[in-house]
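# Architecture at a glance
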Amino acid sequence: MNPTISYKDYHDSKIRNRIFLLGIDGADLEIVQALIRKGELPGFKKILEAGSAAPLLSPVIANSAPSWASIFTGKDIAEHGIVYFQNQYEDRVEFFDLFLDTIDGERLWTGFDLKDMKSCIINVPITFPPEKVNGIMISGRLANEDSVYTYPPQLTEELRNLGYHPTFDNAKSDEELFSILEKRIEVAFDFIKNYPWNMFFQGFLIIDWIMHHFSEDSLLKQVNEKSDLSDFPIVKRAYKRLDLFIQELTEKYISPEEDKLFVFSDHGFKRYDFMFNVNIWLIKNGFLSLKRPPAMVLRDIMLYLPIKIKRAVFGQKNVLGIRQPVFDWKKNVDWKKTTVYSPEFFVNCSSFRINPYLNLDERAKDKIINDLISKLSQVNLGESPVFCSFHRRDEIFRGPYSGRMPELLGMLEPNVRNDKRIYGKGEIFTRKNSVEHRREGIFIAWGKDILKTDLDYLPEVKDIFPTVRYAAGLPVHRNISGKVIEEIFSESYLKFNQLDILDTEFKPNITVGERYDETLKERLKDLGYL
């Protein structure tokens, strides 16, 4: 594509067999189905009744960072190298930040580029910095509004003049949040109508943002009173707005006789009643020793201020953020006295890493892991064990980046979520009604050559890459572990369309770097990831 400042200069031309990808961060099939039963979401209902659907499983870690990396590449965590928003190097307690160019693997959209097919990739999470594509890329989550966040680069300034924002960072209320969403939808439909695309990948972050930020008139007041997330007014409002997007899209711009639509998410959401404070447990059991700076003491005091005071002093956005200033693992841990630590904010499981500065051999590490499993197996909440199972690194992580992975994962029982932050009065368990990630998200396929069926198994996020490539008649390469979700395709399509598998993987340049974006750090802190 020859870059041009105005995307409205492009003229629509009829392209057949198009692929539309709708990536909704945090969307949950159970919530969608609950709202449909209540007479809501006719757009979702339409594609569910005519297409294939199932919950979509995130990787073993229910976190956006590895999930979107798997969607982009068709690879599992140890294959693409991303376990979290900050990823630890193999041999030291130092971290590199997640950006698009730190994800190892050929991109989903590269197959379209190589066949000279046009792609539009708009507001998809973790697509910053933007890559050069045969079409348009507008970065989503993690984008820096003060830098160039589009390809072609000239498009950034035009979007700024339109009042477009790639993130929700400046939203001070629910109304401002939805105003930003409306502008994104307006821009999306401009491209859908006016740009000659073969593949369109539209991302929306609204569901995830609402669930994490607990704005004044939304979840914070209600989460202690209601168990059905579909009853929360702001959750219903967000799903209904996305449903209107689906209605307009399927009524005006894509056809089930000519095009294919895939709707998917990186994870779902659910309520949890308890938190297991993993690092508090490690401290009390002699595995972790801290140096306690004044900032940590001050934060602990702030935690117990009334919510109204915290809002007045720190503002709505940072009510949760005051309890989670960035904890410097390298400086604030006494590494001479520490054997195990847990730096990742995983929800459905606790991670355990052995101190790399001890330079232990495998036998010594194995002894520590056995001790951990023995003691963690005795941790109960009431009369029930907190951990359902344990997985050593080599049992579940296979790939060139397995060394980046934790030595041990402990999978928590369904009503308990993990918390790695070190704060408060030192409770191992905190009774706290909260809304957080779960592995089960959403997958819907609809359109040409797509069957009406409910899958009898749960596909995984890494299956999106080969499934979309196959649906577009494009090859995949051998270095992926994702599988085509064949059950969604008609018998005739399967018969006359074989999947081509290539030996060559077309990788972008990977930068696992020293750069550090301070605005990114603040965003991740507000979301509780740091």
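Look up a bit, the structure's there.
Rules and cut-offs
For every chain, the first residue of the written sequence is number 1, and numbering continues from 1 along that sequence. Local features in this predicted model are restricted to residues of pLDDT 70 or higher, and side-chain atom pairs are both shown and tallied only at a pLDDT of 80 or more, whereas totals for entire chains, interfaces and linings draw on every residue. To obtain the side-chain values, all non-hydrogen atoms of the structure were used and water was disregarded. Any residue under 20% of the maximum accessible area for its type is buried, any over 50% is exposed, and the rest in between are partly exposed; the area is computed with a 1.4 Å probe on protein chains only. Only DSSP runs of H or I with at least four residues qualify as helices, and only runs of E with at least two residues qualify as strands; both kinds are numbered from the N terminus onward. In this context, the arc is that of the directions from the helix axis out to the C-beta atoms. A patch is a set of surface residues, each over 30% in relative accessible area and not in a salt bridge, joined within 9 Å for like charges and within 5 Å for the nonpolar side chains Val, Leu, Ile, Met, Phe, Trp and Tyr. The protein chains shown are the only cover counted for residues, whose accessible areas, like all others here, come from Shrake-Rupley with a 1.4 Å probe. Any carboxyl oxygen of Asp or Glu that lies within 4 Å of a side-chain nitrogen of Lys or Arg is treated as forming a salt bridge with it. We call a set of buried residues a nonpolar core when its members are Ala, Val, Leu, Ile, Met, Phe, Trp, Tyr or Cys and they connect through side-chain atoms within 4.5 Å of each other. Pairs of residues are marked as contacts when any of their non-hydrogen atoms sit within 4.5 Å. Only rings of Phe, Tyr and Trp enter the pairing, Trp through its six-membered ring, and a pair is recorded when the two centres are within 6.5 Å. The plane angle decides the type: under 30 degrees is stacked, over 60 is edge-to-face, the rest tilted. The rule is short: NZ of Lys or CZ of Arg within 6 Å of the ring centre and within 35 degrees of the ring normal puts a charge over the ring.

## Notes on helix α2 (residues 42-50)
Since the α-helix turns once every 3.6 residues, residues separated by three or four places project in the same direction. Those residues of α2 that sit buried are Gly43, Phe44, Ile47 and Leu48. The buried side chains of α2 occupy one side of the element, clustering within an arc of 130 degrees when seen end-on.

## Quick word on a nonpolar patch on the surface
On the surface, a nonpolar cluster with roughly 260 Å² of combined accessible area is contributed by Leu114, Leu502 and Phe506. Positionally, Leu114 belongs in helix α5 (residues 110-114).

## Brief notes about the nonpolar core
With 66 residues, the main nonpolar core has Phe20, Phe44, Ile138, Phe191, Ile206 and Phe245 as its most contacted residues. Counting residues per element, this core draws most heavily on helix α7 (residues 174-194), at 10 residues. Setting aside residues up to four positions removed in sequence, Phe245 forms contacts with Phe20, Leu22, Ile185, Ala188, Phe189, Ile192, Gln202 and Phe204. Counting 49 residues, the second-largest nonpolar core is a separate cluster that includes Ala65, Phe85, Met137 and Val484.

## Some points on the packing of aromatic side chains
By the definition in use, this model includes 27 aromatic pairs. Residues Trp281 and Phe287 carry aromatic rings whose centres are separated by 5.8 Å and whose planes lie at 15 degrees to one another, so their mutual orientation is stacked. For Trp281, a relative accessible area of 3% gives the class buried. Phe287 gets classed as buried once you look at its relative accessible area, which sits at 4%. With centroids separated by 5.2 Å and ring planes inclined at 20 degrees, the aromatic side chains of Phe489 and Tyr493 adopt a geometry described as stacked. Among the residues examined, Tyr493 registers a relative accessible area of 7% and is labelled buried. Taken together, the aromatic side chains of Phe20, Phe189, Trp197, Phe200, Phe204, Phe245 and Tyr253 make up a single cluster linked through ring pairs. Over the aromatic face of Tyr89 sits the side chain of Arg92, whose NZ or CZ is 4.0 Å from the ring centroid. Sitting above the plane of the Phe178 ring, Arg237 keeps its charged end 3.9 Å from the centroid.

## What about the pattern of salt bridges?
Inspection of the entire model under this criterion finds 30 salt bridges. Here Asp231 and Lys38 are joined by a salt bridge, their closest N and O atoms 2.6 Å apart. Of this pair, Asp231 sits in the loop between α8 (206-213) and α9 (233-253) while Lys38 sits in the loop between α1 (29-37) and α2, and the two are 193 residues apart along the sequence. Exposure remark for Asp231: the relative accessible area of 33% places this residue in the partly exposed category. Shared partners join several salt bridges into a network, and the residues in it are Asp28, Glu30, Arg438 and Glu440.

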